[in-house]
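Now for the letters of each chain:
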Amino acid sequence: MPNDSHQRAAEFHELAAHAHRAAAAHHGKEDHLTGHEHSKQALEHAKRAWQSSQEASAKSSKSAAKS
């Protein structure tokens, strides 16, 4: 199951990166309101990615200890 945890963390990292790119594109077009919303989404995805990474790391450590 550790691979599932790592996959989930990777997906959140990808979502955060996508939201950051969308925010940058909107800011570049002077659409700051939409850019701000994408920045907020990016932050939320980044937080979830960090949490998922922590969980995946803990599961990996437990799995390695059992081996």
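Throughout what follows, the structure given in this document is the object of discussion.

1. A closer look at the side chain of serine 52
Part 1 of the argument: The topology assignment puts serine 52 in helix 2 (residues 32–66).
Part 2 of the argument: With sequence-adjacent residues up to four places away left out, serine 52 is seen in contact with Ser5, Arg8, Ala9 and Phe12.

2. Describing unusual backbone geometry
Part 1 of the argument: Phi is positive for glutamate 30, which is not a glycine, with a value near 65 degrees.
Part 2 of the argument: Within the secondary structure, glutamate 30 is located in the loop between helix 1 (2–28) and helix 2.
Part 3 of the argument: With a relative accessible area of 61%, glutamate 30 lands in the exposed category.

3. Describing a positive patch on the surface
Part 1 of the argument: On the surface, a cluster of positive charge is made up of Arg8, Arg48, Lys59, Lys62 and Lys66.
Part 2 of the argument: No other element matches the four residues that helix 2 contributes to the positive patch.
Part 3 of the argument: Assignment of secondary structure puts lysine 62 in helix 2.

4. Considerations on the environment of serine 39
Part 1 of the argument: One can find serine 39 in helix 2.
Part 2 of the argument: Among residues more than four places away in sequence, those in contact with serine 39 are Ala23 and His27.

What counts and what doesn't
- Sequence order as written defines the numbering, with residues in each chain counted from 1.
- Per-residue local features of the predicted model are confined to residues with pLDDT of at least 70, and side-chain atom pairs are confined, for both listing and counting, to 80 or more; whole-chain, interface and lining totals are unaffected and use all residues.
- Side-chain metrics in this entry use all non-hydrogen atoms of the structure; hydrogen atoms and water are not considered.
- Think of it this way: any DSSP run of H or I at least four residues long counts as a helix, any run of E at least two long counts as a strand, and we number them from the N terminus.
- In this description, contact between two residues means that some pair of their heavy atoms is separated by no more than 4.5 Å.
- Note on classification: 1.4 Å probe, protein chains only; a residue is buried when its accessible area is under 20% of the maximum for its type, exposed when over 50%, partly exposed between these limits.
- Surface patches are drawn from residues lacking salt bridges whose relative accessible area is over 30%; two like charges belong together within 9 Å, two nonpolar side chains (Val, Leu, Ile, Met, Phe, Trp, Tyr) within 5 Å.
- Per-residue accessibility takes into account occlusion by the displayed protein chains alone, with areas from the Shrake-Rupley method and a 1.4 Å probe.
- Definition used for salt bridges: Asp or Glu carboxyl oxygen within 4 Å of a side-chain nitrogen of Lys or Arg.
- In this tally, Lys and Arg are treated as positive and Asp and Glu as negative; His is ignored, and so are the chain termini.
- Positions of charges follow a simple convention, taking NZ of Lys, CZ of Arg, CG of Asp or CD of Glu.

Shape descriptors only; they carry no functional weight alone.
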